[in-house]
Amino acid sequence: IVDEFTGRLMPSRRYSDGLHQALEAKEGVEVGTETQTLATVTLQNYFRMYKKLAGMTGTAETEAREFWDIYKLDVVVIPTNKPVRRIEYDDVIYKTRREKYDAIMQEIEEMHKAERPVLVGTVSVDVSETLARMLKRKGIPHQVLNAKYHQKEAEVVALAGLKGRVTIATNMAGRGTDIKLGEKAIKCDKCCISCLDDCDQCTKGKKKDECLTDPLCGLHIIGTERHDARRIDRQLRGRCARQGDPGSAKFYLSLEDNLMRLFGSDRIAGAMARWGPPDGDPIQHKLVTRAIEGAQKRVEMFHFDIRKHLLEYDDVINRQRETIYSIRDEILEGKDLSERIREMIEGVVDTIVNTCTTGKYSENWDWEGMSGEIREVFLFDFMLPEEERANVSKEDIREKLISLVLNFYKTREEQIGAEMMRTLEHQVLLHILDKNWKDHLYEIDALKEGIGLRGYGQRDPLVEFKREAYGLFEELLNTISREVVRNLFGLRFRTEEEKRKESAMPVARAYKPEFTTPEAAVVGARKPAMAQTEMSGREGFMTRNTQMGKPYQTSRE
């Protein structure tokens, strides 16, 4: 997978829901297994885990509101180390994308003849490849920096500031690279752009207006399209005129660009039609630049609302995540889980009793269902005689069951040893916790996909998501407790005598096809063995015993 905007390769990422397997089958490569989410967290909640949070970037000012709303962080603007010698031209807008590309080619050709280094910033890998083909037809030497030439990135950037160099790059945000100018790329020692002296006394004989109109030095930035966020455009502009160096930046747009087509103001298209510039002629005015920045602000607010909405949903899962991971940390740190196991046992007993004792009168309670549930989870029979059921209360049943279950668990612990039981508790709880948490994340993803449709019923999807996610989490905790208790009570250890008997048994030999055996004889020989295995499996799994509190014999190990 290649990032469409930065051109970075993402080798560890795969599409979900079978889409990646479909692509692998289409391309004729080995089809990998489908991935499942083991853990999930948003970047916002990940950063919130830090006790101290701070950062430094050159483009945080435009996102100051989001930093405060999400992280409660102030944005402080620090003045530049040296005066900025960058010329920022007004945006140039064309009617069609083809006219825009032709103007970009002309600009690159002029700068190349003037021996100025040029950096062309594109929004996607596809656009960078298109411009590279056009430059190749014009015979202008150039370098392309995207996913295909990722290994050469350091070398390309190191040479991008030399005289007459042309470099085409995808999104420069986050690359953190300084393009160092070559000696011949800086034509004047003192730049009139940031000069505070009197121009009449300038020894260079260079007027400020002339320098602004036709700069002959420094790196020239050409933007082929406005990004959705002003921050990314500023990062592209910031590749020139760093640390007091000279430079200039200019953006070329068209009405067919995504930003202009989806979010651009209708006034821009109206101005193009009213002023009626000939085909191929652009509009270049501060009003157009301000209108485009207004469109970018609307896009930024739109994306900010999406991120904030996503964070509201993730905050619900974050509380569940903290609960599950706190239990997991106790397991990995080797803490004593006996008290937590006791709570799970009592919770399972409470669930069984509350489920089977609905109603006011005991004769209406589900005694058979209660007995079956206890038999399935704790592997012993529990059935009160008919004459005792009339005067028994729900609390009496609960206390009696908890006493029986804890005594049985204590007996198992004495048989295998306290240390072995603690080890088993860690292993069983960790395995069941991870397995059910994976399934829970899968259910939460499915819930997120369809919860937005609740809005058609005049119900808030976020409130509905909180309610249903809470129900799923309660069900998750009950399932974990039930499976942990059932596994711990169902474990059976082989005695030394059983191990000796197994080692003394003859080794079974596989049937060899070279020996000719009649088919009827083979079938006749197999039937008793299959029947015997099936019968022994049923008998070994559970032996009925009607005495209250007598444990079952199981074959699970």
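Model, not experiment: these values are computed from the prediction.

Draft legend 1. Seen up close, the overall build of the protein chain. Check the secondary structure of the protein chain and you find 19 helices and 7 strands. Residues classed as buried in the protein chain amount to 38% of the 557 residues present. If you take every contact in the protein chain between residues at least 6 apart in sequence, the share linking residues at least 24 apart comes to 73%. Carbon and sulfur atoms form 52% of the exposed surface of the protein chain, whose accessible area is close to 33900 Å².

Draft legend 2. How the structure looks around the environment of Asp3. Of note, Asp3 is situated in the segment before helix H1 (19-27). Classification of Asp3 by relative accessible area gives partly exposed; the value is 23%. A C-alpha to C-alpha distance of 8.6 Å links Asp3 and Ser124, two positions 121 residues apart in sequence. Not counting the four nearest positions on each side in its chain, Asp3 is found in contact with Arg8, Met10 and Val125.

Draft legend 3. Just a negative patch on the surface, in detail. A cluster of acidic residues, Asp17, Glu34, Asp445 and Glu449, forms a negative patch on the protein surface. Turning to its location among the elements, Asp445 is positioned in helix H16 (residues 418-451). Exposure remark for Asp445: the relative accessible area of 34% places this residue in the partly exposed category.

Draft legend 4. Layout of the pairing of strand E1 (residues 85-88). Burial of the side chains of E1 is restricted to one face: Arg85 and Ile87 are buried, whereas none of Arg86 and Glu88 on the reverse face is. Judged from the 4 bridges that link them, E1 and strand E7 (residues 246-254) form a sheet pairing that is parallel. Across the sheet, the residue bridging to Ile87 is Ser248, located in E7.

Draft legend 5. Local environment of the confidence of the model for the protein chain. With 78% of its residues at a pLDDT of at least 70, the protein chain reaches an overall mean of 79. With pLDDT under 50 throughout, residues 510-557 is counted as low confidence; its partners more than four residues away or in other chains account for 49 contacts.

Draft legend 6. Spotlight on the packing of helix H4 (residues 97-113) against helix H5 (residues 125-138). Running from amino to carboxyl end, H4 crosses H5 at an angle of 55°, the nearest separation of the two axes being 11 Å. Between H4 and H5, the crossing angle belongs to the class labelled oblique. Note that H4 runs across H5; the crossing there is right-handed. Taken together, the residues of H5 that come into contact with H4 (itself represented by Arg98, Tyr101, Asp102, Met105, Ile108 and Glu109) are Val127, Thr130, Leu131, Met134, Leu135 and Lys138. Residue classes in the contact of H4 with H5 are distributed as 7 nonpolar, 1 polar and 4 charged.

Draft legend 7. View of the nonpolar core. Ile345, Phe378, Ile397, Ile480 and Val484 are the most contacted members of the largest nonpolar core, which totals 45 residues. Of all the elements in the fold, those that place two or more residues in this core are helix H11 (286-332), helix H12 (338-356), helix H13 (367-378), helix H15 (394-416), H16 and helix H17 (461-490). Sequence-distant contacts of Val484, that is, excluding residues within four places in its chain, are made with Ile341, Met344, Val428, Leu429 and Ile432. If you look at the next biggest cluster of nonpolar residues, it comprises 22 residues, including Tyr101, Ala103, Ile108 and Val118.

Draft legend 8. Molecular detail of unusual backbone geometry. Positive phi, normally seen in glycine, also occurs at Glu115, with a value near 65°. Even without glycine at this site, Gln458 takes up a positive phi of about 60°. Here Gln458 lies in the loop between H16 and H17. When its relative accessible area of 74% is taken as the criterion, Gln458 is described as exposed.

Draft legend 9. Examining a nonpolar patch on the surface more closely. The grouping of Val41, Leu43, Tyr46, Phe47, Met49, Tyr50 and Leu53 at the surface amounts to a nonpolar patch, some 660 Å² of accessible area in total. In this fold, Leu43 is placed in helix H2 (residues 43-48).

Draft legend 10. Broad picture of the packing of aromatic side chains. Enumeration according to the criterion identifies 10 aromatic pairs in this entry. Summarising the aromatic geometry, the rings of Trp365 and Trp367 are spaced 5.9 Å apart at their centres and angled 45° between planes, so their arrangement reads as tilted. Take Trp367: its relative accessible area is 6%, and that puts it in the buried class. In this structure an aromatic cluster arises from ring pairing among Tyr46, Phe47, Tyr50, Phe67 and Tyr71. A cation sits over an aromatic face here: Lys250 above Tyr89, 5.6 Å from the ring centre.

Draft legend 11. Structural view of the environment of Ala114. Tracing the backbone shows Ala114 in the loop between H4 and strand E3 (118-121). For Ala114 and Cys217, which are 103 residues apart along the polypeptide, the C-alpha to C-alpha distance reads 9.1 Å.

Draft legend 12. Highlighting the side chain of Arg226. Residue placement: Arg226 occurs in the loop between strand E6 (219-223) and helix H8 (230-237). Within the structure, Arg226 has its side chain in polar contact with the side chain of Gln296 (distance 2.9 Å). Once you skip the residues sitting within four places of it in the chain, Arg226 turns out to touch Asp91, Asp233, Arg237, Phe251, Leu253, Leu259, Thr289, Ile292, Glu293 and Gln296.

Draft legend 13. Quick look at the pairing of E3. Burial along E3 is two-sided: Val118 and Val120 facing one way and Leu119 and Gly121 facing the other are all buried. Pairing between E3 and strand E5 (residues 166-169): 4 bridges, direction parallel. Following the sheet pairing, Leu119 is matched in E5 by Thr167. In terms of strand pairing, E3 meets E6 through 4 bridges, oriented parallel. By the bridge assignment for E6, Val120 is matched with Ile222.

Draft legend 14. Seen up close, the packing of H11 against H17. Where H11 meets H17, the axes come as close as 10 Å, and the angle between the chain directions of the two elements is 15°. In terms of orientation, H11 and H17 fall into the roughly parallel class. Read as a crossing pair, H11 and H17 show a hand that is right-handed. Each of Glu312, Tyr313, Val316, Ile317, Gln320, Thr323 and Ile324 in H11 lies in contact with H17, whose residues at this interface are Pro461, Leu462, Phe465, Lys466, Ala469, Tyr470, Phe473, Leu476, Leu477 and Ile480. A breakdown of the residues in the contact of H11 with H17 according to their chemical character gives 13 nonpolar, 2 polar and 2 charged.

Draft legend 15. Representation of H4. When the terminal C-alpha atoms of H4 are compared, their 25 Å separation across 17 residues agrees well with the 24 Å that a helix rising 1.5 Å per residue should span. Within the span of H4, buried status applies to Glu99, Lys100, Tyr101, Ala103, Ile104, Met105, Glu107, Ile108 and Met111. Of the surrounding elements, those touching the buried residues of H4 are strand E2 (92-94), E3, H5, E5, E6 and E7. Looking one or two places after H4, you find Glu115, whose phi comes out positive at around 65°.

Basis of the calculations
- Residues numbered from 1 in each chain as written.
- Predicted model: local features only at pLDDT ≥ 70, side-chain atom pairs only at ≥ 80, totals over all residues.
- Heavy atoms only, no water.
- Helix = DSSP H or I, 4+ residues; strand = E, 2+ residues; numbered from the N terminus.
- Buried < 20%, exposed > 50% of the residue type's maximum accessible area, 1.4 Å probe, protein only.
- Contact = heavy atoms within 4.5 Å.
- Areas by Shrake-Rupley, 256 points an atom, 1.4 Å probe, with all protein chains shown as cover.
- Patch = residues over 30% accessible without salt bridge, like charges linked within 9 Å, V, L, I, M, F, W, Y side chains within 5 Å.
- Salt bridge = Lys/Arg side-chain N within 4 Å of Asp/Glu carboxyl O.
- Lys, Arg positive; Asp, Glu negative; His and termini not counted.
- Charge placed at Lys NZ, Arg CZ, Asp CG, Glu CD.
- Pairing = 2+ DSSP bridges.
- pLDDT = per-residue confidence, 0-100.
- Axes fitted to C-alpha atoms, helices over the stretch in contact; angles between N-to-C directions.
- Parallel < 35°, antiparallel > 145°, perpendicular 65-115°, else oblique.
- Left-handed = near helix turned anticlockwise from the far one by under 90°.
- Nonpolar A, V, L, I, M, F, W, Y, C, P; charged D, E, K, R; others polar.
- Core = buried A, V, L, I, M, F, W, Y, C linked by side-chain atoms within 4.5 Å.
- Phe/Tyr/Trp six-rings, centres within 6.5 Å; stacked < 30°, edge-to-face > 60°.
- Lys NZ or Arg CZ within 6 Å of the ring centre and 35° of its normal.
- Polar contact = N/O pair within 3.5 Å; in protein donor to acceptor, adjacent residues only side chain to side chain.
- Expected span 1.5 Å × (residues − 1).

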